Amino acid sequence: MLMLLVLVLWWFVVVFVPRTSTPQPPPTTTLLRQTEPVAAADPNYVLPRRITIKHSSKQGVETYQGELALPNCDMFSTGVSTTGTRSVTLALVFRVTKAADGACTDAGTSTTPFLISYASPTTHSPSLAGITINDTPVSFSVIKGNAK
């Protein structure tokens, strides 16, 4: 229940708290399995109960990696949403989309890896506040990894 409250509060902050006008360097994001511009979210995608994220940090670059189970006919894109300037809070954002109608007939599911890197504009390590898939918060756990 507490986790749900935290996620709802995080969502409120991300959506309604104004962003600063201070220029920020763009996040460095690695996109995997995205073959075309992001389309409408797949309404039939079943959200995972929990995502495990491996986090590592080296020379101001935060790296988050893990896996998503996706229907073979779906694609996904990733991004980072940030708030704050001195103390940065970020959210990992996923968008799962359906392949063009009739373009895929494979009904199977596969585990697809992702890797998201973020170069922090400050000397402070950002804190990971949440993960959303198709604009819906998802529970997650973080495992500290080795910097590469």
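Rules used throughout
- Residues numbered from 1 in each chain as written.
- Predicted model: local features only at pLDDT ≥ 70, side-chain atom pairs only at ≥ 80, totals over all residues.
- Heavy atoms only, no water.
- Core = buried A, V, L, I, M, F, W, Y, C linked by side-chain atoms within 4.5 Å.
- Buried < 20%, exposed > 50% of the residue type's maximum accessible area, 1.4 Å probe, protein only.
- Helix = DSSP H or I, 4+ residues; strand = E, 2+ residues; numbered from the N terminus.
- Salt bridge = Lys/Arg side-chain N within 4 Å of Asp/Glu carboxyl O.
- Pairing = 2+ DSSP bridges.
- Axes fitted to C-alpha atoms, helices over the stretch in contact; angles between N-to-C directions.

Q: Before we move on, can you summarise the nonpolar core with the specific residues and values?
A: Membership of the largest hydrophobic core comes to 20 residues, with the highest contact counts inside it found for I51, L68, L92, F94, F114 and I133. Elements with a contribution of two residues or more to this core: β1 (50-58), β2 (61-71), β3 (74-83), β4 (89-98), β5 (109-119), β6 (127-133) and β7 (136-144).

Q: Quick one: what's the story with the pattern of salt bridges, residue by residue and with numbers?
A: Following the criterion strictly, the structure yields two salt bridges and no others. Among the salt bridges present, the one from D74 reaches K98, with a minimum N-O distance of 3.7 Å. With D74 in strand β3 and K98 in strand β4, the pair connects residues that are 24 residues apart, well separated along the chain. A relative accessible area of 1% means that D74 is categorised as buried. Judged by relative accessible area, which is 41%, K98 ranks as partly exposed. Its salt-bridge partner being D135, residue R95 comes within 3.3 Å of it at the nearest N-O pair. Here R95 is found in strand β4, whereas its partner D135 is found in the loop between β6 and β7, with 40 residues between them in sequence. The class of D135 is exposed, set by a relative accessible area of 56%.

Q: An account of the sheet that holds β3 is requested, with residue identities and associated values reported.
A: The sheet built from seven strands is open, its strands ordered β3-β4-β6-β7-β1-β2-β5 with mixed pairing. Two strands in the sheet have a free side with no partner beyond their single neighbour: β3 and β5. Averaged over neighbouring strand pairs, the angle between their axes works out to 30 degrees when direction is ignored.

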